[in-house]
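The primary structure of each chain is shown beneath.
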Amino acid sequence: MEQLGYFLMSFTSIKMIFLVCAGTFAGIYIGAIPGLSVTMAVSVLISFTFSWDVNEALCLMSGIYCGGVYGGSRSAILLNIPGAPAAVATGFDGYPLAKLGEAGIAIGLSTTASVIGGFIGIIALATAAPIISEYSLMFSSRDYFMLAIMGLLLVGSLSGESLAKGIFAGALGVFFSMIGMDNFTGMGRFTFGSVGLMSGVHFVAIMIGLFGVSEALVQIHALHIAPIKQNVKNIIPSWRLLFKHFPLIIKSSLIGIGIGALPGAGGDIAALMAYGSARRSIKNPTRPFGKGAYEGVIAPETANNACIGGDNIPMLTLGIPGDAVTAVIIGALYIHGLKPGPMLMIDTPHLFWFWVGALTLANIFLLPLGLSGIRIFAKLVEIRKGLLLPIIILISVVGTYGINNSITDVYWMLGFGTFGYILKMYGFQMGPVILGVILGPIMEDNYRRAMQDVQHSIPLFFWKFVSSPLTLALIILTITMIGSQGGWWDKIKKSLFKTKSGQSEKS
Amino acid sequence: MEENTERRPAERILIWFLLALSLFVFVVAWLMPHQTLSSSGAFPLFIGSVMILSVLRILWKERKVFASWKWHEELSLIQPFVLPWEVASYIGVLVVYIVVTSSLGFWVSSYLFLVGSFLLLKGARPIKALIIGIGMLVVIWLLFQYIFRIILW
């Protein structure tokens, strides 16, 4: 009963309802603008909430998160430019539908599928997290070390064109996280005698620089591309259409939850897996896949929003992010004095249930906000980049300054933004850097604790790894993940991109 | 995982720079105490090694692509590829904006930055840029004064 009270807390305050609604709205529209990712939206906008009461901040964050993950689908459908990696698969059939004049149905289906998938994901989160949290109390330092490694394996799917570049980017992020005072000895590392560097570089300055400024600079290259206009009508899908595809929605939700719950796999993989599964299992789609099949929109959209619930399971119970967005959210929770991990459910169970309630509310808002405002969206994508980018930069500057009221953070942000821009131009992705920043300290602290436990004896260190059933299970899982990175993931990508290129060749 | 073979001017310069950075990280980590496997320098040494190995992997994998470049051809393409004048001048505008904010104050410098950026990036004509600049600052003032409660300089 107490838990229900916390769950419904955000539903009972006008201010909190407004914040969730505003966050969802902002998330949808920022996520929908090509070039502006949900990670960018979350990292820039949450920096403003650091001075807020934690509940209000969580309300805004939950809205931006849910809205942003969904928002990416709109530009994927209308412009064939996914607003987020999780929306890549949506464009395979969403854009052909738009070309057939059925953009409205595609948006309507993606919205309802996202909402239903989101609810199923939240139910899974509310059910599984308390159980996993209890078990996670049995985890030792070496288990957390293994979990952090599993999380970092995500670089394999976030690496973009080259795994080596992804590994470098992840290690670079870990290096950034090491600048400052060593938590164990109090010694300065990579500070070069500077007292100012002892507190390290604030990770929000790194995040806003890498995702806000660098993306804005990359977008300057696209200043001359004329905005595309689209006519959208008949946005609300029929009940008949929804009922017909309900089994697919359930199946895709389960895929999304399962993939999301793995530390090291996020919405993009979930969406591609669900799309692949739908292609294989549906014998008579409405149209052939790749040519505007409704199923090709429903499956990935359901999975990537169900993945929100799944992603939150390792994030809240183990403190391990599932993707770049959850890595940013973990960082924000730290700033608000919360420590995602097993103790979160013990020390502050009310905040867990409050967060679940806020996610539910955001999902409720997703339906009306997603099914309306198409005219606003059409106007928004037509805004000139030359008008939009300076505003993003200004918001990034204010957000970074707002962390500590320090101009030094703004300089750092600018430095990281420029460095990130150069790296991006040469095919390095920023997702692994952020994962490195967040997971680096978790990995190092637990490695050092595990090493101290065995008095620095390497044989004993490895013996402990194989003699504990839990650690051994994690090792096997990690090895499986390493092995699979070059196998099934590439296979799925190859088969899907083959279809996509085939389809675009024909069109 | 399939590796990239796309030709990008000056990529090899960046990769060599990243190798130098990685070596620097490794050397600095080496100078930290690393007597035991949980000393301050142990993990930085490991990360430095990962950085070096991954950069070496990129250099090895892309060696044919890098070797296909001629220096004069590459040097002539760097600027248009990575620093076209819009990007270079915009980074310059950003640096000036941050530097002058301390002396001019947030509102004046931000207004000049917005109007200047709109004109530079061809987002709006002069009169429209002046009006949108004022409108944006009013919105920001309202948002940060009453909703986000952030003190702006």
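Calculation notes
- Residues numbered from 1 in each chain as written.
- Chains lettered and ligands numbered in written order.
- Predicted model: local features only at pLDDT ≥ 70, side-chain atom pairs only at ≥ 80, totals over all residues.
- Heavy atoms only, no water.
- Helix = DSSP H or I, 4+ residues; strand = E, 2+ residues; numbered from the N terminus.
- Salt bridge = Lys/Arg side-chain N within 4 Å of Asp/Glu carboxyl O.
- Buried < 20%, exposed > 50% of the residue type's maximum accessible area, 1.4 Å probe, protein only.
- Contact = heavy atoms within 4.5 Å.
- Buried area = accessible area lost by both parts, 1.4 Å probe.
- Polar contact = N/O pair within 3.5 Å; in protein donor to acceptor, adjacent residues only side chain to side chain.
- Nonpolar A, V, L, I, M, F, W, Y, C, P; charged D, E, K, R; others polar.
- Core = buried A, V, L, I, M, F, W, Y, C linked by side-chain atoms within 4.5 Å.
- 1 Å grid on protein atoms, 1.4 Å probe; cavity = no way out; pocket = protein on both sides within 12 Å on 5 of 7 lines; lining within 4 Å.
- Points joined across faces, edges and corners; volume = space filled by probe spheres on them.
- pLDDT = per-residue confidence, 0-100.
- Axes fitted to C-alpha atoms, helices over the stretch in contact; angles between N-to-C directions.
- Parallel < 35°, antiparallel > 145°, perpendicular 65-115°, else oblique.
- Left-handed = near helix turned anticlockwise from the far one by under 90°.
- Phe/Tyr/Trp six-rings, centres within 6.5 Å; stacked < 30°, edge-to-face > 60°.
- Lys NZ or Arg CZ within 6 Å of the ring centre and 35° of its normal.
- Lys, Arg positive; Asp, Glu negative; His and termini not counted.
- Patch = residues over 30% accessible without salt bridge, like charges linked within 9 Å, V, L, I, M, F, W, Y side chains within 5 Å.
- Areas by Shrake-Rupley, 256 points an atom, 1.4 Å probe, with all protein chains shown as cover.
- Charge placed at Lys NZ, Arg CZ, Asp CG, Glu CD.

Caption draft 1: Layout of the environment of B:Ile78. Within the fold, B:Ile78 resides in helix α4 (residues 71-82). Residues B:Ile78 and B:Arg8 lie 70 residues apart in sequence; the distance between their C-alpha atoms is 8.6 Å.

Caption draft 2: Seen up close, the pattern of salt bridges. All names here are of chain A. Applying the stated criterion across every chain yields a total of nine salt bridges over all chains. Ionic pairing is found between Arg 448 and Asp 182, a salt bridge with its closest N-O pair at 2.8 Å. Placement of Arg 448 in helix α21 (residues 431-453) and of Asp 182 in the loop between β1 (180-181) and β2 (188-189) is noted, with a sequence separation of 266 residues between them. Asp 182 shares its class with Arg 448; the two are buried. Linking Glu 444 and Arg 448 is a salt bridge whose minimum nitrogen-to-oxygen distance equals 3.0 Å.

Caption draft 3: Structural detail: the interface of chain B and chain A. Listed by partner, the interface residues are 70 residues for chain B and 72 residues for chain A. Across the chain B/chain A interface, buried area totals approximately 6200 Å², and carbon plus sulfur atoms make up 77% of it. The interface formed by chain B and chain A holds one salt bridge in total. At the boundary of chain B with chain A, the tally comes to 12 residue pairs in polar contact (both at pLDDT 80 or more). Going through the elements one at a time, α1 (11-30), α2 (42-61), α4, α5 (85-104), α6 (106-120) and α7 (126-147) of chain B are the ones with two or more residues in the side of chain B that touches chain A. Broken down by element, the side of chain B that touches chain A gets its largest block of residues, 11 residues, from α1(B). A class-by-class count of the residues in the side of chain B that touches chain A yields 51 nonpolar, 10 polar and nine charged.

Caption draft 4: How the structure looks around the nonpolar core. Residues A:Phe175, A:Phe176, A:Phe428 and B:Leu18 are the most contacted members of the largest nonpolar core, which totals 209 residues. In terms of residue count, helix α4 (residues 54-79) of chain A provides more of this core than any other element does, 14 residues in total. Here A:Phe428 is in contact with A:Lys165, A:Phe168, A:Leu423, B:Leu14, B:Ile15, B:Leu18 and B:Ile58, once residues within four sequence places are set aside.

Caption draft 5: Structural detail: the layout of surface pockets. Residues and elements named next belong to chain A. Approximately 1200 Å³ is the volume attributed to the second largest pocket. Taken together, 42 residues form the lining of the second largest pocket, with Asn 183, Tyr 334, Pro 441, Ile 442 and Asp 445 sitting closest to its centre. Elements with a minimum of two residues in the lining of the second largest pocket: α7 (141-152), α9 (163-178), β1, α16 (342-347), α20 (407-425) and α21. Sorting elements by how many residues they give to the lining of the second largest pocket places α21 first, with eight residues. Residue classes in the lining of the second largest pocket are distributed as 20 nonpolar, 15 polar and seven charged.

Caption draft 6: Representation of the confidence of the model for chain A. Looking at chain A, the pLDDT average stands at 82 and 88% of residues meet or exceed 70. Contacts for the low-pLDDT stretch residues 501-507 of chain A, under 50 throughout, to residues beyond four places or in other chains number five contacts.

Caption draft 7: The arrangement of the packing of helix α6 (residues 103-136) of chain A against helix α12 (residues 246-261) of chain A in detail. Residues and elements named next belong to chain A. Contact geometry for α6 and α12: axes closest at 9 Å, N-to-C directions at 45°. Put simply, α6 runs oblique to α12. As α6 packs across α12, the resulting crossing turns out to be right-handed. Residues Ile 116, Gly 117, Ile 120, Gly 121 and Ala 124 of α6 form the contact with α12, whose own contacting residues are Phe 246, Ile 249, Ile 250, Ser 253 and Ile 257. Here the residues of the contact of α6 with α12 are counted per class, giving seven nonpolar, three polar and no charged.

Caption draft 8: Region of the structure containing empty space enclosed by the protein. Residues and elements named next belong to chain A. With the rule as written, the count across this model stands at four cavities of 30 Å³ or more. Its volume calculated, the second largest cavity comes out at about 50 Å³. Along its surface, the second largest cavity is lined by Leu 58, Leu 316, Leu 333, Leu 338, Leu 344, Leu 351, Phe 352 and Trp 355. At three residues, helix α17 (residues 349-370) tops the list of elements feeding residues into the lining of the second largest cavity.

Caption draft 9: Representation of the packing of aromatic side chains. Summed over all chains, the structure comprises 26 aromatic pairs over all chains. Between A:Phe139 and A:Tyr144 the ring centres are 5.8 Å apart and the planes differ by 55°, which places this aromatic pair in the tilted class. With respect to class, A:Phe139 is no different from A:Tyr144; both count as buried. On the numbers, 6.5 Å between centres and 45° between planes, the contact of A:Phe462 with A:Phe465 is tilted. Note that A:Phe462 and A:Phe465 are positioned in helix α22 (residues 458-467) at a spacing of three residues, about one turn of the helix. Overall, the relative accessible area of 54% leaves A:Phe462 in the exposed class. Grouped by ring-pair contacts, the aromatic residues A:Phe145, A:Tyr447, A:Phe461, A:Phe462, A:Phe465, B:Phe43 and B:Phe46 constitute a single cluster. Lying over the aromatic face of A:Phe428, A:Lys165 brings its terminal NZ or CZ to 5.3 Å of the ring centre. Residue placement shows B:Arg63 over the ring face of B:Trp60; its charged tip is 3.8 Å from the ring centre.

Caption draft 10: How the structure looks around the side chain of A:Glu295. All names here are of chain A. Examined against the element boundaries, Glu 295 turns out to sit in helix α14 (residues 295-318). Lacking a salt bridge, the buried Glu 295 has Lys 244 as its closest oppositely charged neighbour, with an N-O distance of 5.0 Å. Side chain to side chain, Glu 295 and Thr 286 meet in a polar contact 3.0 Å long. The contact partners of Glu 295, leaving out residues within four places of it in the chain, are His 245, Leu 248, Ile 282, Asn 284, Pro 285, Thr 286, Phe 289 and Pro 300.

Caption draft 11: Representation of a positive patch on the surface. Residues and elements named next belong to chain B. A contiguous patch of positive charge, built from Arg 57, Lys 61, Arg 63 and Lys 64, is present on the exposed surface. Elements with a minimum of two residues in the positive patch: α2 and α3 (63-67). The residue Lys 61 is located in helix α2 in this model. Lys 61 gets classed as partly exposed once you look at its relative accessible area, which sits at 40%.

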